[in-house]
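Coordinates in review
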Amino acid sequence: MPMETYLIYLAAVAVFFATPPDTSQLLIISNSVRHGLRRSVFTIAGDLTANCLQMTGAAFGLAAIIATSASAFLWIKWLGVAYLLWIGVQLVLAKERAEDVSANASGQSFRLFRQGFVTSMANPFAVVFFGALFPQFIDPGAPVLPQLLILGVTYLAVDGAILLLWGWLGIRAAAVLKRYSFGLVNKVCGALMIAAAGLLASKDFQPQK
């Protein structure tokens, strides 16, 4: 892949992330506030694992199926909305204390990974996005697989760095919130998840004819 093409792709990905936080970013902020950035790395791992599967699906034509099927898109979208709402309402109603969260640390890693994975997989825009983005930077006259690997790894690296940044910002916010009460932390994190559900629900989609 020519360096010029790669730099244009890198700029395109950077512009894509230069937006207010979306569903996955709100999730990592919420989990970082509650659990700290070290444990929330499992959420990032879940998100990036889902991205890998979405890239693979895009490469094998799943993007075209979703892009032409309104029903498939809507099922994935609203399942994601319901999942985020469920997490948010649980947090808003939670009566646990900081000590309770620490005591349950042994089972948190998988749960945090699952949250990141499901939240990312529940966003059907991602598969369509990869299916539209990657072909713009692939030279059909050169081996396609190495180019896909370069594009995919680059996207994952940028996405991971952005999620870590949002997680760090969540830690800064937690330092303020925890001065008041852990109940306030739960309610703020729950509100973030409900906002993430709202963001996903508000995304419109018109299938291709």
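In this report, the structure presented in the accompanying data block is examined. Worth saying up front: this structure is predicted, and the values here are computed from it rather than measured.

Bringing the overall build of the protein chain into the picture now. Scanning the protein chain from N- to C-terminus turns up 10 helices and zero strands. Across the protein chain, helices and strands are ordered from the amino to the carboxyl terminus as α-α-α-α-α-α-α-α-α-α. Contacts in the protein chain between residues far apart in sequence, at least 24 positions, make up 89% of those at least 6 positions apart. When the accessible surface of the protein chain is summed, it comes to about 10900 Å², and 70% of that surface belongs to carbon and sulfur atoms.

Each aromatic ring pair is described using two quantities: the centre-to-centre distance and the angle formed by the ring planes. In the structure shown here, the tally under the stated rule is three aromatic pairs. Ring centres 4.9 Å apart and planes at 85 degrees place the aromatic pair Phe130 and Tyr155 in the edge-to-face group. Placement of Phe130 in helix α8 (residues 125–133) and of Tyr155 in helix α9 (residues 144–177) is noted, with a sequence separation of 25 residues between them. In this pair, the class of Phe130 matches that of Tyr155, namely buried.

Taking 1.5 Å per residue, 13 residues should reach 18 Å; helix α2 (residues 23–35) reaches 18 Å between its end C-alpha atoms and fits that length. The element α2 is largely enclosed, with a buried count of 13 among its 13 residues. Two residues or fewer after α2 comes Gly36, characterised by a positive phi angle close to 90 degrees.

With that out of the way, let us pick up the side chain of Ser32. With respect to the helices and strands, Ser32 occurs in helix α2. Excluding residues within four positions of it along the chain, Ser32 makes contact with Leu37, Ser40, Gly167 and Ile171.

The topology assignment puts Gly152 in helix α9. Relative accessible area serves as the criterion here: at 5%, Gly152 is assigned to the buried category. Spatially, the C-alpha atom of Gly152 lies 8.6 Å from that of Phe134, the residues being 18 residues apart in sequence.

Between helix α3 (residues 37–59) and helix α7 (residues 108–121), whose axes approach to 7 Å, the crossing angle comes to 35 degrees. Seen from above, α3 lies across α7 with right-handed handedness. Residues Arg39, Ser40, Phe42, Thr43, Ala45, Gly46, Asp47, Thr49, Ala50, Asn51, Leu53 and Gln54 of α3 lie in contact with α7, whose contacting residues are Gln108, Ser109, Leu112, Phe113, Gly116, Phe117, Ser120 and Met121. Here the residues of the contact of α3 with α7 are counted per class, giving eight nonpolar, 10 polar and two charged.

With that settled, the discussion passes to the side chain of Asn31. Along the polypeptide, Asn31 turns up in helix α2. Using a relative accessible area of 4% as the deciding quantity, one classes Asn31 as buried. At 3.0 Å, the side chain of Asn31 forms a polar contact with the side chain of Thr43. Setting aside residues up to four positions removed in sequence, Asn31 forms contacts with Gly36, Ser40, Thr43, Leu112 and Gln115.

Residues Leu85, Val89, Leu93 and Ile194 make up a contiguous nonpolar surface patch of about 330 Å² in total accessible area. Residue contributions to the nonpolar patch peak at three residues, all from helix α5 (residues 70–93). Relative to the assigned elements, Leu85 resides in helix α5.

This part takes up α8. For an α-helix, the turn length of 3.6 residues means that residues three or four places apart are oriented alike. The set of residues buried in α8 consists of Ala126, Val127, Phe130 and Leu133. Seen end-on, α8 carries its buried residues on one side only, within an arc spanning 140 degrees.

Tyr9, Phe130, Phe134, Tyr155 and Met193 are the most contacted members of the largest nonpolar core, which has 36 residues in total. At the level of elements, α1 (3–17), α2, α3, α5, α8, α9 and α10 (182–202) are the ones that each hand at least two residues to this core. Residues contacting Tyr9, with those up to four places away along its chain left out, are Leu133, Phe134, Phe137, Leu151, Thr154 and Tyr155.

Cut-off values and rules
- Residues numbered from 1 in each chain as written.
- Predicted model: local features only at pLDDT ≥ 70, side-chain atom pairs only at ≥ 80, totals over all residues.
- Heavy atoms only, no water.
- Helix = DSSP H or I, 4+ residues; strand = E, 2+ residues; numbered from the N terminus.
- Contact = heavy atoms within 4.5 Å.
- Areas by Shrake-Rupley, 256 points an atom, 1.4 Å probe, with all protein chains shown as cover.
- Phe/Tyr/Trp six-rings, centres within 6.5 Å; stacked < 30°, edge-to-face > 60°.
- Buried < 20%, exposed > 50% of the residue type's maximum accessible area, 1.4 Å probe, protein only.
- Expected span 1.5 Å × (residues − 1).
- Axes fitted to C-alpha atoms, helices over the stretch in contact; angles between N-to-C directions.
- Left-handed = near helix turned anticlockwise from the far one by under 90°.
- Nonpolar A, V, L, I, M, F, W, Y, C, P; charged D, E, K, R; others polar.
- Polar contact = N/O pair within 3.5 Å; in protein donor to acceptor, adjacent residues only side chain to side chain.
- Patch = residues over 30% accessible without salt bridge, like charges linked within 9 Å, V, L, I, M, F, W, Y side chains within 5 Å.
- Salt bridge = Lys/Arg side-chain N within 4 Å of Asp/Glu carboxyl O.
- Arc of directions from axis to C-beta.
- Core = buried A, V, L, I, M, F, W, Y, C linked by side-chain atoms within 4.5 Å.

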